[in-house]
Amino acid sequence: MNIKLTDKEKVYWDIYYDDVSIRENFKKSHEQQLMILCQLHIEADELRDIVSLVGYTFSTGDGRNGDQEKIRPEVVQLNKVRSDIRGYHKILGLVLYKDVKTNEPEEDGDDWS
């Protein structure tokens with residue numbers, strides 16, 4: 001591994017590297033994508049910490065449109081990071097679903113014949 005990792009990145013790297021590196025199609029170039037996944041997890045951790053302090057919503061106060069409850073920008077960013085994490089899990093083959101072949105129904109012939 002030629003990639004330099006911070007201590008926080010190393011925690012997530014150790015969680016995922018073995019599962020990713022044993023795949024038949026794994027290449028050294030995939031390590032960069034794995035590092036991005038680690039960084040996304042760290043960002044999600046930091047955003048969760050912020051949201052736990054400030055809450056999920058804020059009040060706009062008495063403005064032109066009256067008092068409104070809105071979602072905090074940190075929550076929007078956290079949801080975006082979670083979506084990105086799911087995307088990188090899919091790219092790296094870390095998804096938890098059965099093979100498509102095992103979920104396909106067996107062909108018994110045409111019901112109308």
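This text follows the structure it describes.
In this report, the structure presented in the accompanying data block is examined.

The rules we used
- Residues numbered from 1 in each chain as written.
- Predicted model: local features only at pLDDT ≥ 70, side-chain atom pairs only at ≥ 80, totals over all residues.
- Heavy atoms only, no water.
- Helix = DSSP H or I, 4+ residues; strand = E, 2+ residues; numbered from the N terminus.
- Expected span 1.5 Å × (residues − 1).
- Buried < 20%, exposed > 50% of the residue type's maximum accessible area, 1.4 Å probe, protein only.
- Contact = heavy atoms within 4.5 Å.
- Core = buried A, V, L, I, M, F, W, Y, C linked by side-chain atoms within 4.5 Å.
- Axes fitted to C-alpha atoms, helices over the stretch in contact; angles between N-to-C directions.
- Parallel < 35°, antiparallel > 145°, perpendicular 65-115°, else oblique.
- Left-handed = near helix turned anticlockwise from the far one by under 90°.
- Phe/Tyr/Trp six-rings, centres within 6.5 Å; stacked < 30°, edge-to-face > 60°.

### Focus: helix α2 (residues 30-54)
Taking 1.5 Å of rise per residue, the 25 residues of α2 would be expected to cover 36 Å, and the 36 Å separating its terminal C-alpha atoms lies within 8% of that figure. By the burial criterion, the buried members of α2 are Glu 31, Leu 34, Met 35, Leu 37, Cys 38, Leu 40, His 41, Ile 42, Ala 44, Leu 47 and Val 51. Residues of α2 that are buried make contact with α1 (7-21) and α3 (73-91). Backbone geometry just downstream of α2 places Gly 55 in the positive-phi region, at approximately 90°.

### Observations concerning the nonpolar core
Counting residues in each nonpolar core, the largest one holds 20 residues, and the members touching the most others are Trp 13, Leu 34 and Leu 37. Within the residue set of this core, elements represented by two or more residues are α1, α2 and α3. With 8 residues, α2 is the largest single contributor of residues to this core. Setting aside anything within four residues of it in sequence, one finds Leu 34 in contact with Trp 13, Tyr 16, Tyr 17, Val 20 and Leu 92.

### Observations concerning the packing of α2 against α3
At a minimum axis separation of 9 Å, α2 and α3 run at an interaxial angle of 155°. Accordingly, the angle class assigned to the pair α2 and α3 is roughly antiparallel. As α2 runs across α3, the sense of the crossing is left-handed. Taking contact as the criterion, the partners of Gln 33, Ile 36, Leu 37, Leu 40, His 41, Glu 43, Ala 44, Leu 47, Arg 48, Ile 50 and Val 51 in α2 are, on α3, Glu 74, Val 75, Gln 77, Leu 78, Val 81, Arg 82, Asp 84, Ile 85, Tyr 88, His 89 and Ile 91.

### Thoughts on the packing of aromatic side chains
Taken as a whole, this structure holds 2 aromatic pairs when the rule is applied. Relative to Phe 26, the ring of Tyr 17 has its centre 6.0 Å away and its plane inclined at 90°; by these criteria the two rings are edge-to-face. The residues Tyr 17 and Phe 26 share a single accessibility class, namely buried. Among the aromatic residues, those joined into a cluster by ring pairs are Trp 13, Tyr 17 and Phe 26.

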